[in-house]
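Inside the fold
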Amino acid sequence: MIEDTIQSLSRLLKANKRVLLVGDFKCKEVNWETFESGGNETAWGERFLRLTMENLMMQWVTENTRYRNDDEPVRLDLVPTKGMHLLNEFRYGCPHGKSDHVIIEMETGEEGTEGDESYKRNRRNYRKADMENIKKYYGELNLEKLKRKCEVQEKYIFMEAYETGVMKYVPLYKPKEKGKNDWFNARCADAKEKRDKAWKRLKRNKNQRNKEDFKIARNEYVKIRREKEKGYEKDIVEKCKEEPKLFYRFINGKIKPRKKVGRLKDGNKVIKDSKDMTELLNKRFQQVFTKDSLFNESQDDKINVHMDEVIATKEDI
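So, here's what we can say about the structure. Everything quoted here is computed from the prediction, not taken from an experiment.

Quick look at the overall build of the protein chain now. Of regular secondary structure, the protein chain possesses 9 helices and 11 strands. For the protein chain, the proportion of its 317 residues judged to be buried stands at 25%. Taking contacts inside the protein chain between residues at least 6 apart in sequence as the whole, the part at least 24 apart equals 58%. Of the roughly 25,300 Å² of accessible surface on the protein chain, a fraction of 51% belongs to carbon and sulfur atoms.

If you want it as structure tokens, here you go:
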């Protein structure tokens, strides 16, 4: 098992110039500051340490990541990288739920497109437009008469009237904050803050009182989250007939976003521009696309058919 894992990681590191590994590597005997291991040469920790050194990898986690009951805190979760530099310092957060591993937050500096809604910031959200007031506003303007105007200046008057109605009754799109749920309110935020403070006290002083305080704060936060989430879902179901858009928005939010094509590689050239990627894909499609004819027009496949003279007599007929 150890040998297979080391070989798989070796192939991965040799085939790629930029690699980021994240996970619980269970190398608690390794000292990543001095690059020393307390195990023998065949132990997993020693083998993994040697692999990272041979491939010039850098290990970024500097604090203990697992806190289990009365056990001594250890550093099990690692983030080794090759050819990459991570931004800013790591943030070590309170464990999620009843897990004994801390949450690690980091910034890679790599471009990401999945779930990014920042491009919608200056767009109008027509789904939430006030249609009743829009109809009333445009009805008073007599748009049909304005559209029949022929002069350029009169056309500008029509456009100004249209844009005024849009700006007045169609709100701007509000990009959804990443990782924030609609039901997460002030009560949830307050419970989360209390849990995080209890966790920090436990990290500073690991005594029985701080453990109990952290468990109480953690369980209370989980309880409040579940109550708010269930109440939010129940409210959506009750309003699904009156406000169907709210219901469909909730359903669509549960669907995983489709991953966009971030970049393509053409030989040694990396292409990021959308237009250039489209042209590259079009060229590749043309290369593999063939149009088959209905008949084989090859000269070698032509068959010459010759019929001898047929003689028919009156007796044969």
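There is more to say after this.
With that settled, the discussion passes to the packing of aromatic side chains. Tallied over the full model, the rule gives 12 aromatic pairs. Where Tyr-67 meets Trp-199, the ring centres are 5.2 Å apart and the plane angle is 85°; that geometry is what we call edge-to-face. Separated by 132 residues along the polypeptide, Tyr-67 in the loop between strand 5 (58-59) and strand 6 (77-78) and Trp-199 in helix 6 (residues 186-204) bring together distant segments of the chain. Among the aromatic residues, those joined into a cluster by ring pairs are Phe-25, Trp-32, Trp-44 and Phe-48.

Right, let's get into the environment of Tyr-92. Note that Tyr-92 resides in strand 8 (residues 87-93). C-alpha separation for the pair Tyr-92 and Glu-63, spaced 29 residues apart in sequence, amounts to 8.3 Å. Beyond its immediate stretch of four places on either side in the chain, Tyr-92 contacts Trp-60, Val-61, Thr-62, Glu-63, Val-102, Ile-103, Ile-104 and Lys-203. A polar side-chain atom of Tyr-92 sits 3.1 Å from the main-chain amide nitrogen of Thr-62.

Moving on, we come to the pattern of salt bridges. For side chains bearing opposite charge, pairing can occur when the charged atoms are close. Throughout the structure, instances matching the rule amount to 14 salt bridges. Arg-91 is the salt-bridge partner of Glu-107, the closest N and O atoms lying 4.0 Å from each other. Within this pair, whereas Glu-107 is found in strand 9 (residues 103-107), its partner Arg-91 is found in strand 8, the two being separated by 16 residues in sequence. In this structure Glu-107 comes out as partly exposed when scored by relative accessible area, which is 33%. Arg-91 sits in the partly exposed class, given a relative accessible area of 37%. The partner of Glu-227 in a salt bridge is Arg-187, with the nearest N and O atoms 3.7 Å apart. Residue Glu-227 is located in helix 7 (residues 208-238), and its partner Arg-187 is located in helix 6; the two are separated by 40 residues in the primary sequence. Residue classification places Arg-187 among the partly exposed residues on the basis of a relative accessible area of 40%. Sharing partners across several salt bridges, the network here consists of Arg-91, Glu-105 and Glu-107.

Rules and cut-offs
Residues numbered from 1 in each chain as written. Predicted model: local features only at pLDDT ≥ 70, side-chain atom pairs only at ≥ 80, totals over all residues. Heavy atoms only, no water. Helix = DSSP H or I, 4+ residues; strand = E, 2+ residues; numbered from the N terminus. Buried < 20%, exposed > 50% of the residue type's maximum accessible area, 1.4 Å probe, protein only. Contact = heavy atoms within 4.5 Å. Areas by Shrake-Rupley, 256 points an atom, 1.4 Å probe, with all protein chains shown as cover. Phe/Tyr/Trp six-rings, centres within 6.5 Å; stacked < 30°, edge-to-face > 60°. Polar contact = N/O pair within 3.5 Å; in protein donor to acceptor, adjacent residues only side chain to side chain. Salt bridge = Lys/Arg side-chain N within 4 Å of Asp/Glu carboxyl O.

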